[in-house]
Structure formats: C-alpha cells, structure tokens
Amino acid sequence: MSSNSFGKLLTVTTFGESHGPAIGCVLDGCPPGLAIAPEEFRHDLERRATGKSRHTSARREADDVEILSGVYEGLTTGTPIALLIRNTDQRSKDYANIASQFRPGHADYAYWQKYGIRDPRGGGRSSARETTMRVAAGVIAKKWLAQRHGVTVRGYLSQLGPITPEGFDWSVVEDNPFFWPHAAQVPELESYMDALRKSGDSIGARVNVVADGVPPGWGEPIYGKLDGDLAAALMSINAVKGVEIGDGFAAVTQKGTEHRDEMTPQGFLSNHAGGILGGISTGQQVTASIVLKPTSSLRLPGRTVNVDGQPVDVITTGRHDPCVGIRATPIAEAMMALVLMDHALRHRAQCGDVGDVPPRVPGQADG
Ligand code: EPS
C-alpha cells in the first residue's frame, strides 16, 4: 500500500495537489446502510476552511463535495466511497519566484531531494489543502461512530504561541475563529494575531482532541496499538511536530503513584493514560494533544539556497496562514475519528462475540 493511504479495515486514500484541478479521497470499508448526503460535509469543511477570518489564509474555496461512488439513494453501499472537491481559487503566480528556491522550514526542499521534481504551486501535494479531504472522510467516520457507538470526537485550541486558556467551557469553542475554550481571552488572541500578521511572522500552536464514549477493547497489541495508530495519524497532519497521548511528556516527572489511574468498583479515579492501556481503550475518554510548528511561508526574507545550490534570500508572497494551528482542530478530530472507526471495525471482526461468553477467571477449571 502506498503512503497516500492509511487504515486497515477502513482505509482512506487522498489524492490531489493544492493548485491542481481537484482534490479527492477514497474511503473504503465503510459498512453499508449509513445515510450520507453531500450537504453533511459542509459544517466541518467550513470549520477547517481558509478565508473565514482575517487570521487565516485569504484563499476562498467553495469546498463543495461531489460523491462519485459508494452511495446509492442516500445510503452507503459498502463499496468504495469516492469524494471530490474541485479547486477554484488557485493563484499560482504567487509561487513563480519560489519555484526555484527552497523556503527554510518547508517540505519543498525535502520533496525536491526525494523526487527530483515538484509541483511548487501552493506547495503541491505538501499543501495543507490536502487536509480538506481528511476532514471530509472524517465526517463519515464521526457519523458512524456516533450512530453505532455513541462516540463523539471534539477538539479545541489549547495553546496559541505563549497564550494558554485561563478557563474552560466546551460551549464557547465553536463561537470564535480560534476554537478557544475561554471566551474572555478571545480579544487577547485577536490582538496577538493582528500584531503577528503585521510583523510578517508566524507562530506555533497546540490542539487537544478527545473522544467520549469509546468502549473498552479498541486497539490491537502489539503493532496495531490504538495510541500508536492515533499518534501516526495525528503526526501525519501537515506541520505537526509533536503528539502526546494522555499526560504525554509530562509523565517524565510523575511518580508511579501519581500517574497510575486507580480503579474502584465505580470506575477510574483519574485519566493520566488518556484512555488507553497496552494499546487498548479502557472505556475512559481518549485524549491526545498535538503541536503544530509555525508556518514556514513568510514574507520576511530568509537565507536559503536555490535549486542550483546558490545562496539566495527568499521571500514568500501569497495568502498564508500566520498560524496553521488555528485551522487544525477539525483536522485532528477527523484523524482521531477515522482511526477509531478503523479500530471499531477491527475489534468487531476479531472480538465481536467476546461478550457472548463470560470472561474466563484465571486459574479456574473449564466446565
Ligand atoms: C497553503 C498555502 C495557501 C493556503 C492553503 C495552504 O495556499 P495558496 O497559496 O494557494 O493560497 O491557502 O490552504 C488551503 C488552500 C486550504 O484549503 O487549506 C500551504 O502552503 O500549505
């Protein structure tokens, strides 16, 4: 399988470039009978889209989804679901000057070294435009998880540069362009971003994503761990440089007595593990956190080399996000939902009848 696909029983393949005629995906392995209509993609695609606030890229795409296959009379048929979105607002001339230069911190250098050829328009395949299709595929996964298992996947921005939330309320996350969980700080975020944009620089961010309602048992030891697959899926998002599950790197200073999640007949007393033990869900909330690096496309000049290896100063013009993390929340949700749905199907395939017989008590004779 090529690396434009992921998943085992539910596989997602995306294709397309930022300035090509279209982007798309094929979602294969979705069970039949799930109702899905083109307009159901709109909400999450708009949450991710550019051009929605002054704090993101000004490119304006309609992001209208065409369902090409796998759905008949509004229901999934069990065959591959192909989704297509046509690109309509490419401005490739912005990339004329940097076609022969490498932006420091950008994938275009590594692509050039690997393939010896690249589509420089909008970053080609390395563009965040590709994440549109992950979000589209994630809409189907979110719907199936909610209907079949009552699972919900939600995220929020948990740090923007130096700013961290001073309060938390899920109900305000969707009411501001940052997915920020504390309404009183939104003006501070606006001012920070306005000053940053004026300066021409960019900034990193952190996004937290959680799944509620995940039953115990999803995830496979050893090389198909739920946390391993989640980490890979989240790390595959453009600009992600770090992934944590549960307490993540904070565990380095924790004592065992602090980190372990003690259990009572009423349930767990804490959730440092992020809802996953031994690579398998425990029935607690599944929690993950990702860090996105600051955007490398900057109008501030930087030293680099051109394709001939000559030193040059590079300036990137065009419509770029000063903080890609601002739009990353729906992408992280989609990736978590797709991994969870894949594991739900895998669990059903191997262990679907485990609950039919009582678990064997160790040491007790059969019969
Ligand atoms: C991007 C650069 C910009 C963004 C784009 C991601 O593209 P362009 O230079 O063509 O305007 O607008 O994001 C999207 C188009 C999108 O839908 O997310 C990049 O370099 O990654």
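To keep things clear, this report deals only with the structure shown in the data block. (Residues numbered from 1 in each chain as written. Predicted model: local features only at pLDDT ≥ 70, side-chain atom pairs only at ≥ 80, totals over all residues. Heavy atoms only, no water.)

**Regarding the packing of aromatic side chains**
Just so we agree on the cut-off: Aromatic rings from Phe, Tyr and Trp, with only the six-membered ring used for Trp, were paired whenever their centres fell within 6.5 Å, and each pair was classed as stacked if the ring planes differed by under 30 degrees, edge-to-face if by over 60, and tilted otherwise. Think of it in three bands: with a 1.4 Å probe and only protein chains considered, a residue is buried below 20% of the maximum accessible area for its type, exposed above 50%, and partly exposed in between. Segments assigned H or I by DSSP are reported as helices when at least four residues long, segments assigned E as strands when at least two residues long, and all are numbered from the N terminus. Both a distance and an angle decide whether a charge sits over a ring: NZ of Lys or CZ of Arg must be within 6 Å of the ring centre and within 35 degrees of the ring normal.
On inspection of all chains with the given rule, the structure shows 6 aromatic pairs. Measuring from ring centre to ring centre gives 5.2 Å for F102 and Y109, while their planes differ by 85°; the resulting arrangement is edge-to-face. Take F102: its relative accessible area is 4%, and that puts it in the buried class. Seen in terms of ring centroids, F102 and W112 are 6.2 Å apart; in terms of plane orientation they differ by 55°. Their pairing is tilted. Here the residue F102 occupies a position in the loop between β7 (81-86) and α2 (107-115), and W112 occupies one in helix α2, the gap between them amounting to 10 residues. Here the aromatic cluster, defined as three or more aromatic residues joined through ring pairs, consists of F102, Y109 and W112. Against the face of Y115 rests K114, its NZ or CZ located 5.5 Å from the ring centre. Seen from the ring of W170, R154 lies directly overhead, with NZ or CZ sitting 4.1 Å from the centre.

**A word on the side chain of R118**
What counts here: Here a polar contact means two N or O atoms within 3.5 Å. Within protein one must be a hydrogen donor candidate and the other an acceptor candidate, and residues neighboring in sequence count only if both atoms are side-chain atoms. For this analysis, residues touch if any pair of their heavy atoms sits within 4.5 Å.
Within the secondary structure, R118 sits in the loop between α2 and α3 (131-149). Of note is the side chain of R118, whose polar atom sits 2.8 Å from the backbone oxygen of A99. Separated by 3.2 Å, the side chain of R118 and the backbone oxygen of Q101 make a polar contact. Sequence-distant contacts of R118, that is, excluding residues within four places in its chain, are made with I98, A99, S100, Q101, F102, D108 and W112.

**Remarks on the site of the ligand**
Our working rule: In these notes, residues near a molecule or strand are those with any non-hydrogen atom within 4 Å of it. Note on areas: these come from Shrake-Rupley sampling with a 1.4 Å probe, and a residue is covered only by the protein chains present in the view. Residue polarity follows a fixed list, in which Ala, Val, Leu, Ile, Met, Phe, Trp, Tyr, Cys and Pro are nonpolar, Asp, Glu, Lys and Arg are charged, and the others, Gly among them, are polar.
In the vicinity of the ligand there are 13 residues, among which H19, R48, S57, R59 and Y95 approach most closely. R319 has a polar side-chain atom sitting 3.2 Å from an oxygen atom of the ligand. In the complex, 94% of the free accessible area of the ligand, which totals 470 Å², lies under the protein chains. Of the residues assigned to the shell around the ligand, the class counts are 2 nonpolar, 6 polar and 5 charged.

**Thoughts on helix α7 (residues 329-351)**
Heads up, the condition is: Working rule for helices: expected span equals 1.5 Å times residues minus one.
A rise of 1.5 Å per residue sets the reference length of α7, with its 23 residues, at 33 Å; its end C-alpha atoms lie 32 Å apart and thus fit the reference within 8%. Most of α7 sits inside the fold, with 18 of its 23 residues counted as buried.

**Overview of the sheet that holds strand β1 (residues 5-6)**
Here is the rule we go by: Strands are labelled as partners when DSSP assigns at least two bridges between them.
The strand order across the open sheet built from 5 strands is β1-β2-β3-β7-β4, with neighbouring strands paired in antiparallel fashion. Each edge of the open sheet carries a strand with a single partner, namely β1 and β4 (66-69). In terms of strand pairing, β1 meets strand β2 (residues 11-16) through 2 bridges, oriented antiparallel. Among the inter-strand pairings, S5 is bridged to a residue of β2, identified as T13.

**Considering the environment of I163**
Tracing the sequence through the fold places I163 in the loop between β8 (152-160) and α4 (186-199). In this structure, the C-alpha to C-alpha distance between I163 and E188, residues 25 residues apart in sequence, is 8.8 Å. Those residues in contact with I163 that sit more than four places away from it in its chain are W180, Q185, E188, L189 and Y192.

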